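Spelled out, the chains give:
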Amino acid sequence: MGYQNKVLRVDLKEKKSSTEPLRMDFARKYIGSKGLAIRYMYEELKPGIDPLGEENKLFLTTGPLTGTPVPCSGKLSVAAKSPATGTMNDCSIGGHVGIKIKFAGYDMVIFEGMAEAPCYVVIEDDKVEFFDASDLWGLGSHEAEALLAEKYGREYSIMSIGPAGENLSNMACINSDYYRQAGRGGIGAVMGSKKMKAILIKGTGGVKVADIEKTTDRILEILHEDVLQEDNTYVYDEGTTAFLEACEDGGIVPFKNFSSANDPEWEKYNGSVLLQYREGKRGCGSCGLGCGNFLKIGNAVCEGPEYETIAAGGPNAGIKDPEHIVKFNEVCDNMGLDTISTGDTIAWAMEMTEKGIHDFGVRFGQSKEMLEMIEKIARKEGPGADLCHGVKYCSEKYGGTDFAMQVKGLEFPEYEPRGSWGMALSYAISDRGACHMRAYAPNEEVFAASIPPYTEKGKGKMVYELQVSNAVKFSLCLCDFWGTISGNYEGMAELMRLITNEDWTAEEMFDVGVRVINIGRAFNQREGFNRAHDTIPKRLVKEALGGEGPAAGQRIPQEAFDDMLDQYYEVMGWNRDGTIPEEIIQSLL
Ligand code: SF4
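First things first, this report covers the structure right here in the doc. Source: prediction; values computed, not measured.

## A word on the overall build of the protein chain
Okay, so step 1: Of regular secondary structure, the protein chain possesses 24 helices and 19 strands.
Okay, so step 2: Since a compact globule built from 589 residues should have a radius of gyration of about 25 Å, the 22 Å found for the protein chain is in line with a globular shape.
Okay, so step 3: Dimensions of the protein chain, computed from the C-alpha atoms along their principal axes, are close to 60 × 55 × 50 Å.
Okay, so step 4: Going through the 589 residues of the protein chain one by one, you find that 65% of them count as buried.
Okay, so step 5: Pairs at least 24 apart in sequence give 68% of the contacts found in the protein chain among residues at least 6 apart.
Okay, so step 6: Only carbon and sulfur atoms are counted for the fraction: they give 47% of the accessible area of the protein chain, which is about 19900 Å².
Okay, so step 7: The distance from the centre of the 62 positive side-chain charges to the centre of the 89 negative ones in the protein chain is 4 Å.

## Things to note about a negative patch on the surface
Okay, so step 1: Together, Asp237, Glu238, Glu245, Asp249 and Glu267 make up a negatively charged patch on the protein surface.
Okay, so step 2: Tracing the backbone shows glutamate 267 in the loop between β14 (260-261) and α10 (271-275).

## As for the sheet that holds strand β15 (residues 278-282)
Okay, so step 1: Taking strand neighbours across the sheet as the criterion, the three strands line up as β15-β16-β17 in an open arrangement whose pairing is antiparallel. Of all strands in the sheet, those bounded by a partner on one side alone are β15 and β17 (300-303). Here the average twist between neighbouring strands, direction ignored, is 15°.
Okay, so step 2: Packing of helix α12 (residues 322-335) onto the sheet brings it into contact with β16 (292-297) and β17, and relative to β17 it is tilted by some 60°.

## A closer look at the site of the ligand
Okay, so step 1: For the ligand, the full set of nearby residues is Lys75, Arg180, Val235, Gly283, Cys284, Cys287, Leu289, Gly290, Cys291, Cys479 and Phe481.
Okay, so step 2: Classifying every residue of the shell around the ligand by side-chain character gives seven nonpolar, two polar and two charged.

## Side note on the sheet that holds strand β4 (residues 76-81)
Okay, so step 1: Ordered in space as β2-β1-β6-β3-β4-β5, the six strands form an open sheet in which the pairing is mixed. A single partner strand is all that each edge strand has here, and the edge strands are β2 (16-20) and β5 (88-93). With strand direction ignored, the average angle separating the axes of adjacent strands in the sheet is 20°.
Okay, so step 2: Pairing between β4 and β5: six bridges, direction antiparallel. Among the inter-strand pairings, valine 78 is bridged to a residue of β5, identified as cysteine 91.

Thresholds, definitions, all that
- Residues numbered from 1 in each chain as written.
- Predicted model: local features only at pLDDT ≥ 70, side-chain atom pairs only at ≥ 80, totals over all residues.
- Heavy atoms only, no water.
- Helix = DSSP H or I, 4+ residues; strand = E, 2+ residues; numbered from the N terminus.
- Rg over C-alpha atoms; globule rule 2.2 N^0.38 Å.
- Buried < 20%, exposed > 50% of the residue type's maximum accessible area, 1.4 Å probe, protein only.
- Contact = heavy atoms within 4.5 Å.
- Areas by Shrake-Rupley, 256 points an atom, 1.4 Å probe, with all protein chains shown as cover.
- Lys, Arg positive; Asp, Glu negative; His and termini not counted.
- Charge placed at Lys NZ, Arg CZ, Asp CG, Glu CD.
- Patch = residues over 30% accessible without salt bridge, like charges linked within 9 Å, V, L, I, M, F, W, Y side chains within 5 Å.
- Salt bridge = Lys/Arg side-chain N within 4 Å of Asp/Glu carboxyl O.
- Pairing = 2+ DSSP bridges.
- Axes fitted to C-alpha atoms, helices over the stretch in contact; angles between N-to-C directions.
- Near = heavy atom within 4 Å.
- Nonpolar A, V, L, I, M, F, W, Y, C, P; charged D, E, K, R; others polar.

As structure tokens, this is what we get:
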């Protein structure tokens, strides 16, 4: 129950598809979505393959809860080996596409090979068709989706790439239903390398559960008792615009490429300013919270902007204009670029220009030049031909590695680690490079203040516990904004019992989380990653944080960072060099 027990495999080169049973032995160990996708990647992607080559695959993976009324269960994992980092990469995308895949009768869709010419794929239940996309190639993602929606109707969910994905940028994302993104690690470039402009999916089936009445009654209780509660409802009222004030209070909003924190003029674009321009609300399927804000300022329109986009397009680039922030979001989405990596890369280029190291033609505070640079990056024009590869590539070519804010080739999300030392550890050990979705340290160190932020003490265990909880949540396909389910392993086990009619305990759920972290690490280890790659930029170690915020003056001494790594490896049972003992690897298979 819950699963469809079916995988759809699509061969883009041969233009054919086939189905096969889902590996239920994998599902029992890894549940679905994130965990299941990584287990399949470990099985099917040979070590050392070119992420943009024929052997990489694109995995769309649902979970047993997808397509049921379980709150916040409408997410989909989109995974592949990353061209930006060379690690595994799984992204969580909202909207309705995951539910459509499930209703079409599949737990997973795996795209293999490369088309010879631009194409798009239409999946309707058991019918899979391939179409020429040469008319769509080169169009923005929004324009391509609009043409396809007009042709096929809105019953289909659409996933698409923009010019950035076509041009194989390390920062290219995949869009869905216009405004939702699988954003990070160049996942859109993997789709672009396959010459697949879009995927359309429609499903007319459903999901079987053991006892529909009992399940529905209990889900409604959970919705009212645990989801629609004060701790979660800020999500509907404000969305992640609320994080700006919370992060300002904690002194962790980056300013001018993480050279300091907390823009003194942040109230010019804070949540209440942005929400004055709200024209509507949006939400994913099966969501009880509906976090999406739909904003229009002047001729700028976007769903969002999320906190990370506000900070990346605004203060981290030295820009304080709400209309610019919304436009930044809109242009990145349409060009098919991740707002975090694009904002950070341009901010780094601004600092390089201002320091006189290399003139990229863009400086802090320049809105017009920043917006033009997004298009240049997506189309690989002028300085965009280098910047499209991200800050790791560019800093190795032009200098400025000390302030290239990235780990393993993935740019920093917009949380300043000198104000939340656990975030430095979290970025360093994350399985896909610097990511805030693995272990969200500011929750404990800044918002809840349950542990002091400017110390290494206790951070290994804290990051481990946060990471395990998220690994389970994302393997269940649950949205991270259902905050009160985090760490509630019995609550997550109950959802599995309700939907699958199988015995699941809180302990087993916790074990799944640890296993998911280990299988991601094992994939990366096979690719040659170890402790030497679990690093942070020198800026965090050498430079005291500037600005006036509460974390001003902080830096993270190298010994403190090394100590956090030792703590984390110990609690994970890994070797001091960051490798996983063979007996743990064997237990994952
Ligand atoms: S809270 Fe937002 S991101 Fe999460 S499922 Fe709901 S609408 Fe989607």
